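Working through the structure, step by step
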Amino acid sequence: MGYPDTFCGFCVDSPKTCKEFKKHELTPKPFEDHDVDVQIECCGVCGSDIHTVTGGWGEFEGPLCVGHEVVGKAVKVGKAVTSIKEGDRVGVGAEVWACLKCDLCKSQNENYCPHWVDTYNAKYPDGSTAHGGWSNYIRAHEYFVFKIPDALPSHEAAPLLCAGITTYSPLVRARIGKGSRVAVLGIGGLGHLGIQWSKALGAETYALTHSPHKVEDAKKLGADEVIVTTEEGWADKYKYKFDMILNASDATHKMDIAQYMQTLKVGGDFHMVGLGDEPLPGLMPMAFTKNGARITGSHLGNHQEMEAMLQLAADKGVRPVVQTIDISEEGCKEAVERMLDGKVHFRLTLTGFDKAFGNKPF
């Protein structure tokens, strides 16, 4: 068969074979009036992909095609679609469907809809399977398909569809702006974008890192000050300093969270967007009752935030630092290995989809 009846993607069969990718035929959900088909040009490699294929977030049944930082061309639109037209360059993130009818959806919180469908490793209400973007096509509801501003190159726009919105949304929901002080913890694939968003929104921005070699990177990204957290007594200098700590690290289980909590203003947030495989360490209540601080977290962002984020990136020059790999069996394996070994300078984007799948060039 082939498009539009079937797609083709690079898949793994189980966590035990998480580096062994093979091409598989994939059956998408039935095409409906509000759906958009996207011919994929490139797709980012997200930490979520690695947590999934390795089984860190649970077992799965293969073949599994991951990838939820998709950029490509809309090639088919349903008859009820109003926001996208054929030929548009568009992006799809980590959500492809929600009911859009429940109280959460109606309050612009569709990213928390109890019926939401993840871009991959998920089922639609009718039982069909959602397949990810390490493939030639993806099908999604128009509400989760976004026009990409012309100023954003595709390979740089891709990581914004997950890493970007994940770090942008909590800042705007916390009304971060001029007069705010934000500390971004973990200067990696998420954190390097968190620094840029915080600066673009007008906040005084600090970087928290246990890696002295990342100091210069953080400064280049716009941090007003970089704090190395392996230095003795570092937290004592910053008590009651920050409105928010945006925790972009997935190694929180190794941290002394009480140290970080004391640097928050009264009512400040230690906000989790880095999600690891391990539970948080134990924490005495006194760690956060002394300043009324909170441990909070969030998941992606809503439609309006995604549109605003993409425009802000275009207007303010916010860009992920991206390395590219051509998609193939070996390319997917290399991407997973480099992510697991920590050998990625912030973000990876898989490119060369036209060569891998025989699609017409973009």
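The structure contained in this document is the topic of the report that follows. (Residues numbered from 1 in each chain as written. Predicted model: local features only at pLDDT ≥ 70, side-chain atom pairs only at ≥ 80, totals over all residues. Heavy atoms only, no water.)

A tally of helices and strands in the chain yields 11 helices and 19 strands. Compactness check: the chain gives a C-alpha radius of gyration of 20 Å against a globular reference of 21 Å for 362 residues, within 12% of the reference. When its C-alpha atoms are laid out on the principal axes, the chain stretches across 65 × 40 × 35 Å. Per-residue burial over the chain gives 55% buried out of 362 residues. Within the chain, counting contacts between residues at least 6 apart in sequence, those at least 24 apart form 72% of the total. Total accessible area on the chain is roughly 15600 Å²; 49% of this is exposed by carbon and sulfur atoms. For the chain, the separation between the mean place of its 38 positive charges and that of its 47 negative charges on side chains is 4 Å. (Helix = DSSP H or I, 4+ residues; strand = E, 2+ residues; numbered from the N terminus. Rg over C-alpha atoms; globule rule 2.2 N^0.38 Å. Buried < 20%, exposed > 50% of the residue type's maximum accessible area, 1.4 Å probe, protein only. Contact = heavy atoms within 4.5 Å. Areas by Shrake-Rupley, 256 points an atom, 1.4 Å probe, with all protein chains shown as cover. Lys, Arg positive; Asp, Glu negative; His and termini not counted. Charge placed at Lys NZ, Arg CZ, Asp CG, Glu CD.)

Geometry of a packed helix pair, given as the angle between the helix axes and the separation of the axes. Running from N to C, helix H4 (residues 163-173) and helix H5 (residues 191-200) cross one another at 45 degrees; their axes reach a closest spacing of 9 Å. As far as their axial angle goes, H5 and H4 are oblique. Between H4 and H5 lies a crossing whose hand is right-handed. Across from Ala163, Gly164, Thr167, Tyr168 and Leu171 in H4, the residues of H5 making contact are Leu193, Gly194, Trp197 and Ser198. (Axes fitted to C-alpha atoms, helices over the stretch in contact; angles between N-to-C directions. Parallel < 35°, antiparallel > 145°, perpendicular 65-115°, else oblique. Left-handed = near helix turned anticlockwise from the far one by under 90°.)

Below, the discussion takes up helix H9 (residues 303-316). Under the 1.5 Å per step criterion, the end-to-end length of H9 is 20 Å for 14 residues, consistent within 8% with the ideal 20 Å. Within H9, burial applies to His303, Glu305, Met306, Met309, Leu310, Leu312, Ala313 and Ala314. Close packing links the buried residues of H9 with strand E11 (145-147), H4 and H5. Its side-chain oxygen at 3.1 Å from the backbone nitrogen of Gln304, Asn302 defines the N-terminal cap of H9. (Expected span 1.5 Å × (residues − 1). Polar contact = N/O pair within 3.5 Å; in protein donor to acceptor, adjacent residues only side chain to side chain.)

Okay, the packing of aromatic side chains next. A ring pair, where both rings are aromatic, is described by two values, the distance of the centres and the angle of the planes. Per the stated rule, a full pass over the model turns up 13 aromatic pairs. Measuring from centroid to centroid gives 4.0 Å for Tyr3 and Tyr137, while their planes differ by 15 degrees, and the two rings are stacked. Of the two residues, Tyr3 sits in the segment before strand E1 (7-11) while Tyr137 sits in strand E10 (residues 137-141), which places them 134 residues apart along the sequence. Classification of Tyr137 as buried rests on a relative accessible area of 12%. Considering the side-chain rings of Trp234 and Tyr260, the 5.1 Å spacing of their centres and the 50 degrees angle between planes classify their relative orientation as tilted. Separated by 26 residues along the polypeptide, Trp234 in the loop between strand E14 (225-228) and strand E15 (242-247) and Tyr260 in helix H7 (residues 257-261) bring together distant segments of the chain. Cluster of aromatic residues (ring-pair linked, three or more members): Tyr3, Phe7 and Tyr137. One cation-aromatic arrangement involves Lys29 over Tyr124; the distance from NZ or CZ to the ring centre is 5.4 Å. (Phe/Tyr/Trp six-rings, centres within 6.5 Å; stacked < 30°, edge-to-face > 60°. Lys NZ or Arg CZ within 6 Å of the ring centre and 35° of its normal.)

Here the focus is the sheet that holds strand E13 (residues 204-209). Note: strands within a sheet are paired through backbone hydrogen bonds, in either parallel or antiparallel orientation. Strand order in the open sheet formed by six strands is E14-E13-E12-E15-E16-E17, with parallel pairing between adjacent strands. Strand pairing shows two members of the sheet lacking a second neighbour, E14 and strand E17 (294-297), which therefore form its edges. For this sheet, the mean angle separating the axes of adjacent strands, direction not counted, is 25 degrees. Relative to E13, strand E12 (residues 181-185) runs parallel, the two being bridged by five bridges. (Pairing = 2+ DSSP bridges.)

Here we take up the pattern of salt bridges. Going through the model one piece at a time under the given rule, you end up with 15 salt bridges. Between Asp35 and Lys29 there is a salt bridge, with the nearest N and O atoms lying 2.7 Å from each other. Take Asp35: its relative accessible area is 3%, and that puts it in the buried class. (Salt bridge = Lys/Arg side-chain N within 4 Å of Asp/Glu carboxyl O.)

On to the nonpolar core, then. Soluble, globular proteins show a tendency: their nonpolar side chains are buried together. If you look at the biggest cluster of nonpolar residues, it comprises 53 residues, and the most contacted ones within it are Val92, Trp134, Ile327 and Leu350. In this structure, Leu161, Leu190, Leu300 and Met306 belong to the second largest nonpolar core, which totals 46 residues. (Core = buried A, V, L, I, M, F, W, Y, C linked by side-chain atoms within 4.5 Å.)

Mapped onto the elements, Val226 comes out in strand E14. Through-space distance from the C-alpha of Val226 to that of Glu305 is 28 Å; in sequence the pair is 79 residues apart. Setting aside chain neighbours within four positions, we find Val226 in contact with Ala207, Thr209, Val215, Ala218 and Lys219.

Another aspect to go through is the pairing of strand E16 (residues 264-272). Taken together, the five bridges between E15 and E16 define a ladder with parallel strand orientation. Considered in E16, the bridge of Asn247 is made with Met272.

Another aspect to go through is the environment of Tyr240. With respect to the helices, strands and loops of the structure, Tyr240 is situated in the loop between E14 and E15. Looking at Tyr240, the relative accessible area reads 46%, which means it is partly exposed. In sequence terms Tyr240 and Gly268 are 28 residues apart; their C-alpha atoms lie 8.7 Å from each other. Those residues within four positions of Tyr240 in sequence are excluded, and the remaining contacts are Gln262, Thr263, Leu264, Lys265, Lys290 and Asn291.

What follows is about the side chain of Ser128. Within the secondary structure layout, Ser128 lies in the loop between strand E8 (122-123) and strand E9 (129-130). Within the structure, the side chain of Ser128 is placed 2.4 Å from the side chain of Asp126, a separation counted as a polar contact.

Geometric descriptors of this kind do not, in isolation, establish any biological role.
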